[in-house]
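Spelled out, the chains give:
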Amino acid sequence: MNLSYTDSASRTSEFSPPEMSADSMEIDDSLYSRQRYVLGDSAMQQMAQSSVFLSGMGGLGVEIAKNIVLAGVKVLTLHDTKLCETWDLGSNFFLRQDDVLTQRNRALAVHPRVAELNPYVHVDTSSSSLDLSTDLCFLKRYQCVILTEARLSLQKKINDFCHFHQPPIRFIGCDAYGICVRVFCDFGDQFEVSDPTGEEAKEMFIQNITQGNPGVVTCMDSRTHGLQTGQSVLFREVNGMVTLNGTARQVTVLSPYSFAVGDTSCLQPYAHGGYFLLVKTPRTYSFETMEQQLSEPQVLTPDFSKPEAPLQIHAAMLALDAFQEQHNRLPNIGCCQDAEVLVKLTEEAPVNSELVRCLSRTAQGSLPPLAAAVGGIASQEVLKALTGKFAPLQQWFYLDAIEVVKPLLSLSAEEFSPRGDRYDGLRACIGETMCLELHKLRVFMVGCGAIGCEMLKNFALLGVGLAKSSGEVCVTDPDLIEKSNLNRQFLFRSQHIQKPKSSTAAVATLEINPEMQVDAHLNKVCPATEGVYNDLFYSRLHLVVTALDNVEARRYVDSRSVSNQKALLDSGTMGTKGHTEIIVPNLTESYNSHRDPPEEEIPFCTLKSFPAVIEHTIQWARDKFESAFAHKPTIYNMFWQTHSSAEAVLQRMQQRETLEGAFQVVKLLSRRPSQWEHCIILARLKFDKYFKRKVTLPPPPHTHTHTDSLFWQSPKRPPSPIEFDLKDSLQLEGTIDTLLTPDCVWTTERLRMSPRMFEKDDDLNGHMDFVASASSLRARMYSIEVADRLKTKRIAGKIIPAIATATAAVAGLVSLELVKVVGGYGFESFNNCFFNLAIPVMVLTEAAPVKRTQIREDISFSIWDRWTVWGHQHFSLSDFINAVLVNYGIEPTMVVHGVKMLYVPVMPGHNKRLKLTMQKLIKPSVDRRYVDLTVSFAPESDGDEDLPGPPLGTTSAPTETLTPPDTPGP
């Protein structure tokens, strides 16, 4: 039996992908720029020449289809024999009610919506039978085959065909049954990976290399090398021991700062300088067939607190496969008899019977967040199979969500029974009561980029925020859609470019689930918008979700969530890495409870005079852009906003008045070009200024410092002036870029300039041309290896590498935690997660428990505690201090509002403030009735530092009488 295919024009044909050389593929950087930084051009080109067969268009299958089409394969065939049912609407976000009413084939129904995700991908469909009697020769057309919703017997047959075909066809099997999911990979006997980790090789400067056997290399400034024993490094620019230059040596790690490199005893003594780079070494992986792996599986362990879990899920799901073979069906929803049959099937393996019963009761159901998470993981394995980039999964991945359903086991079977709506699959897992709670949920999501789009999709499938239940999802994002967003933010299409993200995503979300209530805002969430997102706004919420790309915004939203006692779900990605953090009132620490190390800044002197690596020259070029095209024009415009006319300014200057900014303005006016030739002259003069005349060479190359060490030694590099040469293409381009970048900086309006904000993604504005040329010329001056435009763009634009697979996985994992928050689960149920799909590794950990700070033996507080003092219009600082003492049994020694110290007894004049009213001291806005203050208390022992207290709110009471809170303590 052969399978037939339907292409995008709905014609039935035998599909034969056209041939094209990978080298001829040009990558659309405007679409794929963020993904290129993850995969690299070679992998992207290989992927764009690959054909994939994907069977099963349920929730898991459509997740995989979405991710690999966004990634940019050449051909994807969607296969399914089933017809659309109402049940499918709760797991497949590309199906609509009309598809159910017209009984369409699932592959045909999702085809147009999958195809429009990426115009570079050819998507076709097949609805032919695929079973044990099917002739599998049609699979020879594909480089990778993915099966979902397939019986184990069929998976084994197709896997054998793929494994023994020459060359091997990469095979991936994926299953999602209720609370358990699995992924199996077989890429053949010999699968070569060009880059197992994907980590960028960084230049590490050398402090010393010993002569000996072995020779020991020490890193400069005690920097950690990050190497592993067995890896190889390449040496460059070493002085003295010059024989090492250009050679690769295998390392043996001795400490985080040093490693051995074999025998150096016969080499010249090390003098100074030099650096090393990690050499990427290809690695070959060997895979067994599924049949071979069933008895002794290689598994990835995601939760080290449950190391036995993967093998137990393996045994439980094999029992489920056996149940299907025996009964030709899955266990019935909530059926205790079927659950006991499944438990008996696992008697030979030491399997947790509770896990088996949970699997049996929910096997027919679906948890959309779990499908999203494993769909992201499986999709990354597809990309590895096609490109040989990153270490593949060997060979099984298992994940369960037993923590979600365990508290629900005591509920009656009726709670999980189908009701004929889109939530039946979800209801089979979490019950009707939990579904109703999700419907009533009022969520505030900050950010609507890649993670935001995935979260909205998960909300829609979970039925979060339904209008009929008075629920709502409020999403805000000030950004407009750019073409580069379309590679990951799957709710957007090309016709949406330059439209608001939040409102566009809201419309797309309602197409998935029309029952939702989605309120889209275009605001940033920051102190400036606290009038909109005030305490009253937060009081109406159940939950806050962040889908942000920067730490500062996360910290602010976290502080607002904590002060308003709201749970917060945070997640983020960088390339193939992702994290989730769950913050629950009175149970966990908050995002602000921990601090990442600050981003290392480049010292000014290094940028100005001593660049050592390409990052230094790129930052220098970016600074020059900001100065010339943004900072100076802004200063110029601000000057003329203050001064009405040139005549008035000239008159005041003649009177020898000092006018701030006047010198810079006069300088700009004197150099204002009046014709094109002047622009050319200015550009040529700029070239000489930056790359010839401004070269600083304080001492000659072999000068020694007062410590008798060479001045010019690693990492310092002596510069060499560049003589302008029209025959040098880099110099010519650099001069032209200097000339053209400030397009229309000078406007026709008198005394006005038009500043240019750096925009990295517009290839027509000249901004990246300027930065790339200036950086390359400066790198040449200092003998630094020049970076290509792609790398320069990433560093100058501070681009975070991103890929849809990691985004889908992280959003799925954090959405699982949302269900637990809504259910009011205990601390032990919550998981934070870190993963790196490239290696691959996933680590699930407990959330960080909330800490309490002891002030007195009987008084303590946590970040979630709030002490409240009720005041009135004439409430004084003295009244406030006494109220704290009366209500909480401890007297404040310091009171601070924001950054303003209201009361510090040792400060001159502060005791006089005791009689002033709190309104006069704080000066709140007219409509503000509540403010947070920071208080400190005296230590119990003399000599100790003052103890911090919890945030202490002072609130205007409805009357002028001081009203103490109901409780005397925190």
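What you see is a predicted model; the values in this text were computed from it and never measured.

A. Fine view of the sheet that holds strand β27 (residues 841-846). Taken in spatial order, the 8 strands line up as β22-β21-β20-β23-β24-β25-β26-β27 in an open sheet, and their pairing is mixed. The sheet is open, and its two edges are formed by β22 (518-521) and β27, each paired on a single side. Adjacent strand axes in the sheet meet at a mean angle of 15°, parallel and antiparallel pairs treated alike. Inspection of the sheet shows strand β21 (residues 472-476) paired to β22 by 4 bridges, in the parallel sense. Within the sheet, the bridge partner assigned to C474 lies in β22 and is D519. Sitting on the sheet, helix α14 (residues 450-462) is in contact with β20 (442-446), β21, β23 (543-546) and β24 (567-574), with an inclination near 165° to β20. Strands β23, β24, β25 (577-583), β26 (831-836) and β27 of the sheet are contacted by helix α26 (residues 804-822), whose axis makes an angle of about 165° with β24.

B. Just the nonpolar core, in detail. Ranked by internal contacts, the top residues of the largest apolar core, which has 172 residues, are L76, L78, I146, I158, I430, F459 and L818. The element contributing the most residues to this core is α26, with 12 residues. I430 has contacts with L367, V404, L408, F416, C435, L438 and V819, leaving out every residue within four places of it along the chain. Counting 25 residues, the second-largest nonpolar core is a separate cluster that includes Y690, M781, I784 and A796.

C. Representation of the side chain of R182 within the structure. Relative to the assigned elements, R182 resides in strand β8 (residues 180-186). Side-chain polar atoms of R182 contact the side chain of D175, separated by 2.8 Å. Looking at R182, its side chain comes within polar contact range of the side chain of D321, at 3.0 Å. The contacts of R182, once residues within four sequence positions are left out, are L152, Q155, G173, C174, D175, M317, L318, D321, W396, F397 and Y398.

D. Spotlight on the pairing of β26. Most of β26 is tucked away: 5 of the 6 residues are buried. Pairing analysis gives 6 bridges linking β26 to β27, with the strands arranged antiparallel. Across the sheet, N836 pairs through a bridge with V841, a residue of β27. Between β26 and β27, which pair antiparallel one after the other, the connecting turn spans 4 residues.

E. Here's a closer look at unusual backbone geometry. In this structure, P167 follows Q166 across a cis peptide bond, with omega equal to -5°. For P167, the location among the structural elements is in the loop between α6 (152-164) and β7 (170-177). Of the consecutive residues I839 and P840, the connecting peptide bond is found in the cis state with omega at -10°. Despite not being glycine, E237 has its phi angle at roughly 60°, a positive value. The topology assignment puts E237 in the loop between β12 (232-236) and β13 (248-250).

F. A look at the environment of L342. Topologically, L342 is positioned in helix α9 (residues 336-345). Accessibility expressed as a relative area gives 0% for L342, which makes it buried. Each C-alpha atom of the pair L342 and L355 lies 11 Å from the other, and the pair is 13 residues apart in sequence. Contact partners of L342, with chain neighbours within four places excluded, come to A319, L320, F323, V356 and S360.

G. A look at a nonpolar patch on the surface. A cluster of nonpolar residues, M901, V906 and M907, forms a patch on the protein surface that exposes about 290 Å² of accessible area. Its location among the elements puts M901 in strand β32 (residues 900-903).

H. Structural context of helix α13 (residues 424-440). If you check α13, its first and last C-alpha atoms are just 17 Å apart, much less than what 17 residues at 1.5 Å a residue would give, namely 24 Å. Residue I430 marks the point of greatest curvature in α13, where the axis turns by about 110°. Burial within α13 is extensive, with 13 of its 17 residues counted as buried.

I. Region of the structure containing the pairing of strand β5 (residues 122-126). Along β5, 4 of the 5 residues are buried, which leaves the element largely enclosed by surrounding structure. Where strand β4 (residues 75-79) lies against β5, 5 bridges are found, and the strand directions are parallel. Residue pairing for β5: L78 is matched across the bridge by T125.

J. Quick peek at the packing of aromatic side chains. Taken as a whole and judged by the stated rule, the model has 32 aromatic pairs. Between Y690 and F691 the ring centres are 6.4 Å apart and the planes differ by 65°, which places this aromatic pair in the edge-to-face class. Considered together, Y690 and F691 belong to a single accessibility category, that of buried residues. Summarising the aromatic geometry, the rings of W867 and F937 are spaced 5.9 Å apart at their centres and angled 50° between planes, so their arrangement reads as tilted. In this pair, W867 is assigned in strand β30 (residues 867-871) and F937 in strand β33 (residues 930-937), connecting sequence segments 70 residues apart. The exposure classification of W867 matches that of F937, with both residues buried.

K. Structural context of a negative patch on the surface. Taken together, D479, E482, D549, E759 and D762 make up a surface patch of like negative charges. With respect to the element layout, D549 can be found in the loop between β23 and α17 (551-563).

L. Molecular detail of the sheet that holds β13. Ordered in space as β13-β12-β16-β10-β11-β15-β14, the 7 strands form an open sheet in which the pairing is antiparallel. The open sheet terminates on both sides in strands that have one partner only, identified here as β13 and β14 (252-255). Neighbour-to-neighbour, the strand axes of this sheet turn through a mean angle of 40°, independent of strand direction. In this sheet, strand β11 (residues 216-219) lies alongside strand β10 (residues 204-209) in antiparallel orientation, the contact comprising 3 bridges. When the sheet's bridge partners are listed, I206 is paired in β11 with C219.

M. Quick look at the packing of helix α8 (residues 309-327) against α9. The contact between α8 and α9 brings their axes to 9 Å, and the two run at 120°. The two elements α8 and α9 meet at a crossing, and its hand is right-handed. For the pair formed by α8 and α9, the contact residues are A319, L320, F323, Q326 and H327 on the first element and D338, V341, L342 and L345 on the second. Counted by class, the contact of α8 with α9 contains 6 nonpolar, 2 polar and 1 charged residues.

Here is what the cut-offs are and how they apply
Residues numbered from 1 in each chain as written. Predicted model: local features only at pLDDT ≥ 70, side-chain atom pairs only at ≥ 80, totals over all residues. Heavy atoms only, no water. Pairing = 2+ DSSP bridges. Helix = DSSP H or I, 4+ residues; strand = E, 2+ residues; numbered from the N terminus. Axes fitted to C-alpha atoms, helices over the stretch in contact; angles between N-to-C directions. Contact = heavy atoms within 4.5 Å. Core = buried A, V, L, I, M, F, W, Y, C linked by side-chain atoms within 4.5 Å. Buried < 20%, exposed > 50% of the residue type's maximum accessible area, 1.4 Å probe, protein only. Polar contact = N/O pair within 3.5 Å; in protein donor to acceptor, adjacent residues only side chain to side chain. Patch = residues over 30% accessible without salt bridge, like charges linked within 9 Å, V, L, I, M, F, W, Y side chains within 5 Å. Areas by Shrake-Rupley, 256 points an atom, 1.4 Å probe, with all protein chains shown as cover. Salt bridge = Lys/Arg side-chain N within 4 Å of Asp/Glu carboxyl O. Expected span 1.5 Å × (residues − 1). Bend = angle between axes of the 7 residues up to and from the residue. Phe/Tyr/Trp six-rings, centres within 6.5 Å; stacked < 30°, edge-to-face > 60°. Lys, Arg positive; Asp, Glu negative; His and termini not counted. Charge placed at Lys NZ, Arg CZ, Asp CG, Glu CD. Left-handed = near helix turned anticlockwise from the far one by under 90°. Nonpolar A, V, L, I, M, F, W, Y, C, P; charged D, E, K, R; others polar.

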